[in-house]
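Letter by letter, the chains look like this.
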Amino acid sequence: MYELVAADALAADQSASLRAIYERGYTAAERAPWHRVSLDHPNNETLALMRDDVPVGFASTHPLSDTGRILLRYPVIDGDLRGRGLGALLWQRVTELASQRGFAQLVWDVAPNDDEPATEHEEQDSQLRRIGFFERLGGSLLPIGEYASPAGAGTHWVPMRLLATSLDGSALATDPWTLRRVALEVCAYRYQLGVRV
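Rules and cut-offs
- Residues numbered from 1 in each chain as written.
- Predicted model: local features only at pLDDT ≥ 70, side-chain atom pairs only at ≥ 80, totals over all residues.
- Heavy atoms only, no water.
- Helix = DSSP H or I, 4+ residues; strand = E, 2+ residues; numbered from the N terminus.
- Buried < 20%, exposed > 50% of the residue type's maximum accessible area, 1.4 Å probe, protein only.
- Contact = heavy atoms within 4.5 Å.
- Expected span 1.5 Å × (residues − 1).
- Arc of directions from axis to C-beta.
- Core = buried A, V, L, I, M, F, W, Y, C linked by side-chain atoms within 4.5 Å.
- 1 Å grid on protein atoms, 1.4 Å probe; cavity = no way out; pocket = protein on both sides within 12 Å on 5 of 7 lines; lining within 4 Å.
- Points joined across faces, edges and corners; volume = space filled by probe spheres on them.
- Nonpolar A, V, L, I, M, F, W, Y, C, P; charged D, E, K, R; others polar.

> Would you mind showing me how to read the environment of Val-94 here?
Position of Val-94 relative to the elements: it lies in helix H3 (residues 86-100). You can call Val-94 buried: its relative accessible area is 4%. Between the C-alpha atoms of Val-94 and Ser-60, which are 34 residues apart in sequence, the distance is 9.3 Å. Not counting residues within four places of it along the chain, the set of residues in contact with Val-94 comprises Leu-4, Leu-47, Ala-59, Thr-61 and Leu-72.

Structure (structure tokens):
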């Protein structure tokens, strides 16, 4: 039986396992330090997908101010268990939880997620595969274009795309003002900017 639980309710050994899933799932350049993901921001909620008492997946969520949107960060399944439909299950549980809490939309960004250095073409292929995965689950690529995330201590920029899904049946915004606000809210959170939109 699988259950999505708040990570702060886990025992110390379970928390250590969850942290290992997160850190193995993303390269050092792709992930934030564990303390920032799990502790530093009061509105972050770290979540564990549990099979019985064992963590098998991780995700973090963060409300985007008063927009009715919630940001999904770092969804990942234990590497030994990938390919068994657990990514889709994690997605389902996160969207159900966000909907129950009254959020209208779930927003997230996608970048290449390869462990090995890649050419620009390989990075684009990786990003397209990840976008395709989320589109199969009901996500939609927002017509914002590409923005970039600093990686490798700011030595290069990783191209990112924003996706969203409706949690309440409402249509996703397509007007430039709302899309700009979504992008700025995501950037403000990701880079700890004091941006007001």
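There is more to say, and it comes next.
> Please clarify how the side chain of Thr-61 should be interpreted in this entry.
For Thr-61, the position within the fold is in strand S3 (residues 54-63). Assessed through its relative accessible area of 6%, Thr-61 is described here as buried. Leaving out residues up to four positions away in the same chain, Thr-61 has contacts with Asn-43, Asn-44, Glu-45, Leu-47, Ile-70, Leu-71, Leu-72 and Val-94.

> Looking at this model, I keep getting lost on helix H1 (residues 12-25). Mind explaining?
An α-helical turn contains 3.6 residues, so a residue and the one three or four places further along point in the same direction. Taking 1.5 Å per residue as the helical rise, H1 with its 14 residues ought to reach 20 Å, and the 20 Å between its terminal C-alpha atoms agrees with that figure. When we look at burial in H1, the residues that qualify are Gln-14, Leu-18, Ile-21, Tyr-22 and Gly-25. Across the axial projection of H1, the buried residues extend over an arc of 95 degrees, all falling on one side. Along H1, the residues that are exposed and aim more than 90 degrees away from the buried face are Ala-12, Asp-13 and Arg-24.

> Looking at this structure, how should I read the nonpolar core?
Among soluble globular proteins, nonpolar side chains are generally buried collectively. Counting 24 residues, the largest nonpolar core has Leu-4, Leu-49, Leu-72, Leu-90, Val-94, Leu-106 and Trp-108 as the members making the most contacts within it. Breaking this core down by element, the ones donating at least two residues are strand S2 (45-51), S3, strand S4 (69-77), H3, strand S5 (105-110) and helix H4 (120-136). In terms of residues, this core owes the most to one element, H3, which gives seven residues. What Trp-108 contacts, discounting residues up to four positions off in sequence, is Leu-71, Leu-72, Trp-91, Phe-134, Gly-139, Arg-161, Leu-162, Leu-163, Ala-164 and Thr-165. Formed by 15 residues, the second largest nonpolar core is a distinct cluster that contains Ile-21, Trp-34, Ala-48 and Met-50.

> Where do I start with empty space enclosed by the protein in this structure?
Any empty space left between the atoms is revealed when a probe the size of a water molecule rolls over them. Evaluation of the coordinates by the stated rule reveals three cavities of 30 Å³ or more. Size it by volume and the largest cavity reaches roughly 60 Å³. Lining the largest cavity are Ala-32, Arg-36, Val-37, Asn-44, Ser-60, Arg-73, Tyr-74 and Tyr-189. Those elements that place two or more of their residues in the lining of the largest cavity are helix H2 (34-40) and S4. Of the residues that constitute the lining of the largest cavity, the class distribution is four nonpolar, two polar and two charged.

> Looking at this structure, I do not really get the layout of surface pockets. What am I missing?
Each pocket or cavity is described by its volume, and for the second largest pocket that value is around 650 Å³. In this structure, the second largest pocket is lined by 28 residues; those nearest its centre are Pro-75, Val-76, Ile-77, Arg-82 and Phe-133. At six residues, H3 tops the list of elements feeding residues into the lining of the second largest pocket. By residue class, the composition of the lining of the second largest pocket is 14 nonpolar, six polar and eight charged.

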